[in-house]
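The chain contents come next:
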Amino acid sequence: MDNGASSYRRFLDGDDTGLGEIIRDYKDGLILYLNGYVKNIHIAEELAEDTFFKLCVKRPHFYEKYSFKTWLYTIGKNLAINYLKKASWTAGLPISEYEDVLADEESLEKEYIKNEEKIILHRAIGSLKPDYSAVLYLVYFEDMSNDETAKILKKSKRQIENLLYRAKAALKLKLEKEGFIYEEL
């Protein structure tokens, strides 16, 4: 269970500090995410406030099938879409002008999830042994060959190959423990 889910569960159990932790941890990212929909930072801030207000008042059920952050951002996204529909109706503009925003919804979510996965991957690599994180970083993020990596780390090419194999195995194990779903390591 991620930190947001445990904070929300504590809030539902009567501990108001849980909601404060959720707001502190997710406010900025949620505002930036919603700004991608409404293209107005002030409206995005209001929609983020509405999202947290909805958590506070309606106390929706959190399904642990998804991460807490995904669930929270989905609530915010739905509020943003409703706002856009209402804004187009009250302005007399056809909703078709917002089709691009609605059509890009899925690609924005995929891009956001991909960025979140990169952050998780970097944190996991950073928590490995220094030699493991160094070899993974040099080979996969800096696109260095095993020979170049061997020179930098002052090891033989064979040592780098072994180190790389063990580092990938350790990273895979670490990510599996955290429930990370990956395509290929």
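Note that the structure is predicted; figures quoted are calculated from it, not measured.

Looking at this model, I keep getting lost on a nonpolar patch on the surface. Mind explaining?
Taken together, the side chains of Tyr137, Tyr140 and Phe141 present a nonpolar region at the surface, about 290 Å² in accessible area. Within the secondary structure, Tyr137 sits in helix α7 (residues 130–141). Judged by its relative accessible area of 38%, Tyr137 falls in the partly exposed class.

Is there a simple way to explain unusual backbone geometry in this structure?
Leaving glycine aside, a negative phi is the common case for residues, and trans is the common case for peptide bonds. For Arg59, which is not glycine, the phi torsion reads 45° and is therefore positive. Here Arg59 is to be found in the loop between α3 (41–58) and α4 (68–91).

What should I look at first to understand the pattern of salt bridges in this one?
Overall, the coordinates contain five salt bridges when judged by the stated rule. When the shortest N-O distance is used, the salt bridge between Glu161 and Arg158 registers 3.6 Å. Of the two residues, Glu161 and Arg158 are both situated in helix α9 (residues 157–177); the distance of three residues between them amounts to about one turn of the helix. Classification of Glu161 by relative accessible area gives partly exposed; the value is 31%. Using a relative accessible area of 54% as the deciding quantity, one classes Arg158 as exposed.

Reading guide: rules and limits
Residues numbered from 1 in each chain as written. Predicted model: local features only at pLDDT ≥ 70, side-chain atom pairs only at ≥ 80, totals over all residues. Heavy atoms only, no water. Patch = residues over 30% accessible without salt bridge, like charges linked within 9 Å, V, L, I, M, F, W, Y side chains within 5 Å. Areas by Shrake-Rupley, 256 points an atom, 1.4 Å probe, with all protein chains shown as cover. Salt bridge = Lys/Arg side-chain N within 4 Å of Asp/Glu carboxyl O. Helix = DSSP H or I, 4+ residues; strand = E, 2+ residues; numbered from the N terminus. Buried < 20%, exposed > 50% of the residue type's maximum accessible area, 1.4 Å probe, protein only.

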